[in-house]
Amino acid sequence: MSGTAPTIPTQFQQYNTYVEDPKWQRKFTIIWGSCLAVAVAFSLPYLFQSIRNKRAFLWFGGVSEDLRAYTTIPGESEKQTRRVAGLLSTVGGVALWTPPGIEMNAGQLFVVLVYLIIVLVCIIVNAPKGFMALAQFPVVFLFATKNSVLSLLLGPGHGYEKLNYIHRWASRCMFLGALVHGSLWIDNHLRWHLPILGQQKETSGVAAFGVLCIIVLSSFRVVRNWSYETFFVIHVLGFSSFFITVCYHTPYASPWIFPPLAFYGLDILMRMFRVRIKDAVLHAVDSQMTIIGIKDCDSGWEAGQHVRLRVFIGGRVFESHPLSILSAPRATTCLSTHGITLGARVRGDWTRAVNAYARESGEKDVQVMIDGPYGGSSIDLGEYESVLLFAGGSGATVTVGLLDDIVGRCVKHGRRNGERTRRVSFVWCVRSFGCLEWFAPMLKEIAAVADASTTLDVHVVVYVTCLCNPEAVPHIANSDVIVGRPAVREALEGLVTPPVGKKVTGADVDVEAESAMEESKLDWVGLGGGVGVVASGPESLTREASNAVARLSMARGRELGGVALHTEMFTS
C-alpha cells in the first residue's frame, strides 16, 4: 500500500454547489467590474478637465458661505480647433437617440442590454440562480446611493439621478435570479413531495422572496407618484428585512452584504458632513410657484445643481424634496440677491403646503435644512460658442441658473477662464402669460447685464400655449413672447444656420433651416465653435431634444465643432 488516498474519477464526483457556485459570483463580479473600469477610463479626460475647471469637487464639502471680496480679471480666449470634438460628436450622436415611452436613450439602452446579456448568459449556462441574485447586491447599491465614489470618477453631471436607471434594472435582474431560483426550488420540493415550509432554510427563503416582492411592487412609478414617502419607507425597511432574512436563508449571503452596507454607510456619512441648517425666505409668486431664498450660501455649488430641502413648517419636518438651484454662486451671479434661490412648483401635498404657508405668513424667515448639492450639468457651456437653453414650465429652474452662470462668467468675469460663448438662445415654454412672473425678475436682471456686453449676445424667447392673461407680459431686454409651441429641432436649426446672405459650407440647408435662419435674432459668429444644448422639462421635451441633437450631430457634428447635450427631466 502506497498510503495515497484513492481519487474518485471525475465522472463519479458529486457536484459541490457550495464550492463551485461561488466561482460564478466571482466571474460575474469581474465582468461588471471590468466594464465599469472601462467606463471610468473613458471618463478620465473629462474628469481631469473638470478638475482644472474646479468643477469636480464642488459637491464634496457641501454649501458654504464665502466672506471674501471678489474682483474681476478681464481676459479673452483665442479660437481653438474642435475637430476631435466634432468627430466624437458625430459618432456619439447615435447614443443620444431616444425612443418614446422608456425614458432612456440608445446609449443607456446599450448599457442595460449588455448587463441583461451578462446576467442571462450566466443563468443559462447553469450558473446558480440564487448565487447570481446575491452577486448583484453591490451593483444595486452602488448605483442607488446619492453620494458615491463612482459619481466622482465619472465627473460632474453624472450624479445619482443619471445613474439610477442602472440601479432599477440591476434590481429587476436580481429579482429575476431570485424568482428562477425559488421556482426551481419549489418545483424540486413538489416533485419529491417535500414540505416547502417548515425547515429554517425553506421558511427564511420564502420570507426573503416575499420581502423582495414587496420592494419590487412598491417601486412601480404609480406608487412613487402617489406617495414617494411611502415608497421610501418601504424601500428602507424592505432592504433591511431582506438582508436579515436572506442571511438566515444562507450563510453565503453575508460576504455580499458588506459592500452594500459600505456604500450606504459612506452615503450617510457624506450627507452628515454636507447637511446645513439655514434661514430662508418663502415668497409665493402665485398659487403655483414658490420662490425660496436661502441666505448665507455663497459657494460650494454651481448653477444647474440641485439640493434636497426640508422646510421646518407644520408637520413637514421629515419630508425632503429635490429642488433645482435657480441662480449662480455669489461671485458669478448677475442677480442682486445672493445665496441659493430655489423654485418649487405646486405639484403635491408638500409643495402645496409650502405655497400656502408663504401666502398666509408673508415673506418671513423660516428655517430649512439643505442636503447637497447634487447633480449638475454634464457639459461646460463656456466651451461652446453657441448655446441653446430650452425649458418647459418649471424646468426653467435649471436653465435660468445656467443662463445666469454663463452670462456672469462671460460679462462679469471678463471670460477669465477662457469662456468661448458668443451666442445664447434661451427658450421657455409656458402655459399662460401669468407664468412669466415666476422668473421674470431674474430674467430681467440677467438680460440687462448681457445687453450691456459687446461680446455676448443673448436672446430670450417665451412661447405661450394658452391665451390667458396677455397683459401680464413683463419687459425683458432682447426678448420675444410668442403664442404657440416651438419645436426643439427648429430652435436648434435656427441657432446653427447663418443669416440670409451667408452660405453654409459643407452642408445643405433644408426647408426648416431656411425658415429658421430668417427668424434668428442672434448675431452670426460662424461655424466650428461647438454647440451646447441644455433641455429641461417633461419627458416628451427631453426626448425631442435628444433626438434633435442626435440628428444634428450625425449630419453636421464635425462641421459645427461638436454638439453636446445635457437634459434634466421633470416628471410632471
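Procedures and definitions
- Once a new chain begins, its residue numbering starts again from 1 and follows that chain's sequence as written.
- In keeping with the model being predicted, local features are shown solely for residues with a pLDDT of at least 70 and side-chain atom pairs are shown and tallied solely at 80 or more, while totals for entire chains, interfaces and linings include all residues.
- Only hydrogens and water are set aside; all other atoms, that is, all heavy atoms of the structure, feed into the side-chain values.
- What counts as a helix is a DSSP run of H or I of at least four residues, what counts as a strand is a run of E of at least two, and both are numbered from the N terminus.
- Accessible areas in this description were obtained via Shrake-Rupley with a 1.4 Å probe; residue shielding takes into account the shown protein chains only.
- Here a helix's expected span is defined as the number of its residues, less one, multiplied by 1.5 Å.
- Between buried and exposed lies partly exposed: a residue is buried under 20% and exposed over 50% of the maximum accessible area for its type, with that area taken using a 1.4 Å probe on protein chains only.
- Along the arc lie the directions from the helix axis toward the C-beta atoms.
- Contact criterion: two residues are considered in contact whenever any of their non-hydrogen atoms come within 4.5 Å of each other.
- Two aromatic rings, drawn from Phe, Tyr or Trp (for Trp, its six-membered ring), form a pair once their centres lie within 6.5 Å of each other, and the interplanar angle then sorts them: stacked below 30 degrees, edge-to-face above 60, tilted otherwise.
- Cation placement over rings: the criterion is NZ of Lys or CZ of Arg within 6 Å of the ring centroid and within 35° of the ring normal.
- To get an axis, fit a line to the C-alpha atoms, keeping to the stretch in contact for a helix; angles then go from 0 to 180 degrees between the N-to-C directions.
- Helix crossings get a hand from a simple test, with the near helix turned counterclockwise from the far one by less than a right angle marking a left-handed crossing and a clockwise turn marking a right-handed one.
- The classification used treats Ala, Val, Leu, Ile, Met, Phe, Trp, Tyr, Cys and Pro as nonpolar, Asp, Glu, Lys and Arg as charged, and all other residues, Gly among them, as polar.
- Here a salt bridge means any side-chain nitrogen of Lys or Arg lying within 4 Å of a carboxyl oxygen belonging to Asp or Glu.
- Two strands pair if DSSP finds at least two bridges between them.
- The predictor attaches a confidence to each residue, and that confidence, scored 0 to 100, is pLDDT.
- Oblique is the label for any angle not under 35 degrees, not over 145, and not in the 65 to 115 range, which are roughly parallel, roughly antiparallel and roughly perpendicular in turn.
- Residues enter patches when their relative accessible area tops 30% and they take part in no salt bridge; the joining distance is 9 Å for like charges and 5 Å for the nonpolar side chains Val, Leu, Ile, Met, Phe, Trp and Tyr.

Counting secondary structure elements, the chain contains 17 helices and 12 strands. Put simply, the chain shows about 27,700 Å² of open surface, and 62% of that area lies on carbon and sulfur atoms.

This brings us to helix α12 (residues 349-361). For α12, which comprises 13 residues, the first-to-last C-alpha distance of 18 Å matches the rise-based estimate of 18 Å (1.5 Å per residue) to within 8%. Every buried residue belonging to α12 is among Trp-350, Thr-351, Val-354, Asn-355 and Ala-358, and all of these are buried. Buried residues of α12, seen end-on, are gathered within an arc of 135 degrees and therefore sit on one face of the element. The exposed set on the far side of α12, more than 90 degrees from its buried face, consists of Asp-349 and Glu-360. The inward-facing, buried residues of α12 contact β1 (276-284), β2 (289-294), β3 (305-311), β4 (321-324) and β5 (340-345).

Under the criterion given, the structure shown has 13 aromatic pairs. Here Phe-137 and Phe-243 contribute two aromatic rings whose centre-to-centre distance is 5.6 Å and whose plane-to-plane angle is 40 degrees, an arrangement assigned as tilted. Pair noted here: Phe-137 is in helix α5 (residues 137-142) and Phe-243 is in helix α10 (residues 228-249), with a separation of 106 residues, a long-range link. Across this residue pair, the class does not change: Phe-137 and Phe-243 are buried. Geometrically, the ring pair formed by Trp-428 and Phe-439 is tilted, given 5.4 Å between the ring centres and 35 degrees between the ring planes. Within this pair, whereas Trp-428 is found in strand β8 (residues 423-430), its partner Phe-439 is found in the loop between β8 and α14 (440-451), the two being separated by 11 residues in sequence. Trp-428 gets classed as buried once you look at its relative accessible area, which sits at 0%. Aromatic ring contacts, followed pair by pair, group Phe-137, Phe-141, Phe-239, Phe-242, Phe-243 and Tyr-264 into a single cluster. Here the guanidinium or amino end of Lys-27 rests over the ring plane of Trp-24, the centre of that ring lying 4.6 Å away.

Let's shift gears to α14. In this model, α14 (12 residues) spans 16 Å end to end at C-alpha, consistent with the 16 Å of a helix rising 1.5 Å per residue. Considered for burial, the residues of α14 that qualify are Ala-440, Met-442, Leu-443, Ile-446, Ala-447 and Ala-450. Looking straight down α14, one finds its buried side chains confined to an arc of 150 degrees; they lie on one side. In this structure, the buried side of α14 is in contact with β2, β5, α13 (396-412), β8 and β9 (457-464).

It is worth spelling out the packing of helix α7 (residues 160-191) against helix α8 (residues 200-218) at this point. When two helices pack together, you describe them by how their axes are tilted relative to each other and by the distance separating the axes. Close contact between α7 and α8 brings their axes to 11 Å; oriented N to C, the two are set at 145 degrees. Our pair here, α7 against α8, has a crossing hand that is left-handed. Where α7 approaches α8, its residues Met-174, Phe-175, Ala-178, Leu-179, Trp-185 and His-189 are matched on the opposing element by Lys-201, Glu-202, Phe-209, Leu-212, Cys-213 and Val-216. Classifying every residue of the contact of α7 with α8 by side-chain character gives 9 nonpolar, 1 polar and 2 charged.

Let us now look at the pattern of salt bridges. For the structure shown, the criterion picks out 14 salt bridges. Asp-405 is the salt-bridge partner of Arg-409, the closest N and O atoms lying 3.1 Å from each other. Residue Arg-409 and its partner Asp-405 are located together in helix α13, separated by 4 residues, close to a single helical turn. Accessibility expressed as a relative area gives 14% for Arg-409, which makes it buried. Residue class for Asp-405 comes out buried when judged on its relative accessible area of 14%. Within this structure, Asp-380, Asp-405, Arg-409 and Glu-419 form a network of salt bridges that share partners.

Picture the strands of a sheet paired through backbone hydrogen bonds; they go either parallel or antiparallel. Here we have 6 strands laid out as an open sheet, ordered β4-β3-β6-β1-β2-β5, and antiparallel in their pairing. Looking at strand neighbours, the two that pair on one side only are β4 and β5, the edges of this open sheet. Averaged over all pairs of adjacent strands, the angle between their axes in this sheet comes to 40 degrees, without regard to strand direction. Lying on the sheet, helix α11 (residues 254-274) is in contact with β1 and β6 (365-375); it crosses β6 at an angle near 135 degrees.

What follows covers the confidence of the model for the chain. Chain-level statistics for the chain give a pLDDT mean of 84 and a share of 85% at 70 or above. Counting contacts from residues 68-81, a segment whose pLDDT is below 50, to residues more than four positions away or on other chains yields 27 contacts. The model gives residues 501-520 a pLDDT under 50, and that stretch makes 29 contacts with residues more than four places away or in other chains.

Contact pair helix α3 (residues 106-124) / α7: the axes reach a minimum separation of 11 Å and the direction vectors enclose 20 degrees. For the element pair α3 / α7, the angle class is roughly parallel. The two elements α3 and α7 cross, and the hand of that crossing is right-handed. On α7, the residues touching Gln-108, Val-111, Val-112, Tyr-115, Leu-116, Val-119, Leu-120 and Ile-123 of α3 are Lys-162, Tyr-165, Ile-166, Trp-169, Ala-170, Cys-173, Leu-176 and Gly-177.

Another point: a nonpolar patch on the surface. On the surface, Leu-113, Ile-117, Leu-120, Val-121, Ile-124, Val-125, Leu-176 and Leu-179 cluster together into a nonpolar patch covering about 670 Å² of accessible area. By residue number, the principal contributor to the nonpolar patch is α3, which donates 5 residues. Position of Leu-176 among the secondary structure elements: in helix α7. Given the relative accessible area of 31%, Leu-176 is considered partly exposed.

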